[in-house]
Amino acid sequence: MPKELENPNPKVFEVSDLKRPENFDADRDEFDSFEIFELIRRINDPEHPMTLEQLNVVQLALIDADDKNNRVLVRFTPTIPHCSMATLIGLSIRVKLLRSLPSRFKVDIKVTEGTHASEDAVNKQLNDKERVAAALDNSQLLGVVNNCIANS
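Each chain has its residues counted from 1, running along the sequence as written. With the structure being a predicted model, the display of local features is reserved for residues of pLDDT at least 70 and the display and counting of side-chain atom pairs for 80 or more, all residues being used for whole-chain, interface and lining totals. Computation of side-chain values: all heavy atoms of the structure, hydrogens and water removed.

Grid spacing is 1 Å over the protein atoms alone, the probe is 1.4 Å, and a cavity is where that probe fits but cannot get out, while a pocket is an open set with protein on both sides within 12 Å along at least five of seven lines and lining residues have an atom within 4 Å of a point. Grid points are joined across faces, edges and corners, and a volume is the space filled by probe spheres set on the points. Within the structure shown, the criterion is met by 1 cavity of 30 Å³ or more. Of the voids in this model, the largest cavity is the one considered here, and its volume is about 40 Å³. As for the largest cavity, its lining consists of Asp45, Glu47, Val57, Pro78, Thr79, Cys83, Met85 and Ile89. In this count, Pro and Cys sit with the nonpolar residues alongside Ala, Val, Leu, Ile, Met, Phe, Trp and Tyr, while Asp, Glu, Lys and Arg are called charged and the others, Gly among them, polar. Counted by class, the lining of the largest cavity contains 5 nonpolar, 1 polar and 2 charged residues.

Spelled out as C-alpha cells, the structure:
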C-alpha cells in the first residue's frame, strides 16, 4: 500500500545556473559557501523525486563557510512547517558534508529560523554527536540517507 505524501504538491523552483565569480583564485584551496552549496544542492529529497535545491530547501544564501576557523553552518528550509522529513533531510546534509569535508571542520546544520514547528527539537537532534551517531547505527535509516545522497 503506497504511503500518503505529507506534501503531495510541493512548489518546485528553477535550478540555478551559478558560476564562480571571475575573481575566484583557483590556487587557494579554501572551502567557501559556494563549494558547500555545490556539495549539497543535488541531495535528493526523501519524499519527492527532486533535489533539495529544486524544492528550495537549500540555498546558497543560507550557507556560511569559515575556512580559517574550520566552521560550516548550513541552514535549510523544509517545504512545510510540520515536515516530518526535516530531521532526515538535515541528517542527509550532515552525512554528505562529513564524508566530503576534511575532518577539521565543525559542521552545524539548522532549520532556517521560523520555518518549522519543531525547529528547536530538530536542531538539537541534528547537532548532537551522540544522537547523530545513534541514527547512523540504524542500518535502515542509513540506507535512506545513502539513497538521498547517492547522486549528489
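A few words on the pattern of salt bridges. Side chains that differ in charge, positive against negative, can pair when their charged atoms come close. Salt bridge, as applied in this entry: a Lys or Arg side-chain nitrogen positioned within 4 Å of an Asp or Glu carboxyl oxygen. Per the counting criterion, the structure on display carries 8 salt bridges. With a shortest N-O distance of 3.0 Å, Asp67 and Arg104 are connected by a salt bridge. Within this pair, whereas Asp67 is found in the loop between β1 (63-66) and β2 (71-76), its partner Arg104 is found in the loop between α2 (86-100) and β3 (106-111), the two being separated by 37 residues in sequence. The salt bridge involving Arg71 is made with Asp108; its shortest N-O contact spans 2.8 Å. One end of the pair, Arg71, is in strand β2; the other, Asp108, is in strand β3, with 37 residues separating them in the sequence. Partly exposed residues are those whose accessible area sits between 20% and 50% of the maximum for their type, while under 20% is buried and over 50% is exposed, using a 1.4 Å probe and protein chains only. With relative accessibility at 38%, the residue Arg71 sits in the partly exposed group. On the basis of relative accessibility, which here comes to 11%, the residue Asp108 falls in the buried class. Secondary structure is summarised from DSSP: a helix means a run of H or I of at least four residues, a strand means a run of E of at least two, and numbering begins at the N terminus for each.

Two strands make a pair as long as DSSP finds a minimum of two bridges between them. Sheet topology places β1 next to β2; 4 bridges connect them, and they run antiparallel. Following the sheet pairing, Ile63 is matched in β2 by Val74.

To continue, consider the side chain of Glu119. Looking at the element boundaries, Glu119 is found in helix α3 (residues 119-126). Charged-residue counts in this description rest on Lys and Arg as positive and Asp and Glu as negative, His and the chain ends being excluded. We note that Glu119 is buried and unpaired, the nearest opposite charge coming from Lys110 at a distance of 8.4 Å. What makes two residues a contact is simply this: any of their non-hydrogen atoms within 4.5 Å. When near neighbours in sequence (up to four residues on either side) are disregarded, Glu119 contacts Val111, Thr112, Glu113 and Gly114.

The 3 strands lie next to each other as β1-β2-β3, forming an open sheet whose pairing is mixed. Strands with a single pairing partner mark the edges of an open sheet, and in this sheet they are β1 and β3. Going across the sheet, the axis of each strand differs from the next one's by a mean of 10°, ignoring polarity. Helix-sheet contacts for helix α1 (residues 33-40) involve β1 and β2, and the interaxial angle to β1 is about 125°. A fitted line through C-alpha atoms represents every axis, and for helices the fit uses only the stretch in contact; the resulting angles, taken between N-to-C directions, go from 0 to 180 degrees.

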